[in-house]
Amino acid sequence: MRSTDNTLEDLGWNVHFSEQISGEEARHACPVRVTAVHRGKIAIAGAGVNGFTAPHIPGALPSDDHPTVGDWLLVGGDDLQPVRVLKRMNLFKRRAPGDPRKEQMIAANVDTVFIVASCNQDFSVARIERYLVLAREVGVHPVVVLTKSDLTDTPETFAAAVRAIEPDVLVETLDGRDPASANRLAIWCGPGKTVAFLGSSGVGKSTLVNTLRGSDSISTQAIRDHDGTGRHTTTVRQMHRLAGGGWLLDLPGMRELQLSEAAAGIAEIFDDFALAAQDCRFSDCSHGAEPGCAVRAAIAAGALTSARFDRWRKLAAEDGVNDPRHAKRRSR
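Residues numbered from 1 in each chain as written. Predicted model: local features only at pLDDT ≥ 70, side-chain atom pairs only at ≥ 80, totals over all residues. Heavy atoms only, no water.

1. Digging into the overall build of the chain
Along the backbone of the chain there are eleven helices and 13 strands. Counting the 332 residues in the chain, one finds 50% classified as buried. Looking at the chain alone, contacts between residues at least 24 apart form 66% of all its contacts between residues at least 6 apart. (Helix = DSSP H or I, 4+ residues; strand = E, 2+ residues; numbered from the N terminus. Buried < 20%, exposed > 50% of the residue type's maximum accessible area, 1.4 Å probe, protein only. Contact = heavy atoms within 4.5 Å.)

Here is the structure:
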């Protein structure tokens, strides 16, 4: 282990975590934060330590929580073996690719999530809705960051499309290569704060991370000219120190974010439909051909849109299908 000048507060330690450790436990174990997840090992940092440890907790069952990036972990002994994961403030997760019965942890203990989209042909309202649903479900403050503003003469049209999803959502439009432009995000990146970047490949996350860090240590790749999409450049989940003292989680791009157990988040992002549905004649209205459907009436009157209705129904259906309880029943 290498020594480091980090304090626990520098790493994001707060009363939520300190209250979970008894005096007796503190004499035999110390808290560290998981700063990266690799195959076969995890990187950790704490007061006076900076190195690697095992990715699994000895004696833990497969169903137990295991460390993910952003976690606070108690380690003990001379070799700093993992003891237990402290209760999280929040946890981003998704359905594990290829196995609907399992979930994949993405990141923990995030203060702000930057939902990154680009001002080009790869811009997708439906994809931004998915990320907003995830942020609301997890309970993390979202900020939508629109990159590559230099590629369009009308960046305000992209911002307006985001605000049509949720009028009060914060939107920042910027050129990720320009430090002065990227500095508008500094308010969320202060000492001890943790922010995460979510967005599909090619939207400029890695470029923006490099600008915020004042380095080019994270590789970037050019997007394809014909459709504006890019290839994955982030392959390891890890935390990066920002110039303002905060920490940034640059996560692998996820084009297909399958929602699971996100009913509350869906209801919040699509609250206009949820409110309209309360006036339907039947409590179990499917908003199809039933008489007295208030949702269909609102669409016919122009108060709601059919395109947004279709996305609402699609996300709700996907959430139901991906519910781990339903997946386990189907597998049996």
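2. Overview of the side chain of serine 118
For serine 118, the position within the fold is in strand E8 (residues 112-118). Overall, the relative accessible area of 1% leaves serine 118 in the buried class. In this structure the side chain of serine 118 is engaged in a polar contact, spanning 2.8 Å, whose partner is the side chain of asparagine 120. Leaving out residues up to four positions away in the same chain, serine 118 has contacts with Phe123, Thr147, Lys148, Phe158 and Val203. (Polar contact = N/O pair within 3.5 Å; in protein donor to acceptor, adjacent residues only side chain to side chain.)

3. Observations regarding the packing of aromatic side chains
Applying the stated criterion across every chain yields a total of nine aromatic pairs. With 6.0 Å between their ring centres and 40° between their planes, phenylalanine 273 and phenylalanine 309 make a pair best called tilted. Here phenylalanine 273, found in helix H8 (residues 271-277), pairs with phenylalanine 309, found in helix H10 (residues 306-322); they are 36 residues apart in sequence, far enough to count as distant. Here phenylalanine 273 matches phenylalanine 309 in class, with each residue buried. Three or more aromatic residues link up through ring pairs in this structure, and these residues are Trp13, Phe17 and Trp72. Lying over the aromatic face of phenylalanine 52, lysine 41 brings its terminal NZ or CZ to 4.4 Å of the ring centre. (Phe/Tyr/Trp six-rings, centres within 6.5 Å; stacked < 30°, edge-to-face > 60°. Lys NZ or Arg CZ within 6 Å of the ring centre and 35° of its normal.)

4. Quick look at unusual backbone geometry
With a phi close to 60°, asparagine 109 is a non-glycine residue in the positive phi region. Mapping asparagine 109 onto the fold places it in the loop between strand E7 (103-108) and E8. Residue classification places asparagine 109 among the buried positions, given a relative accessible area of 2%.

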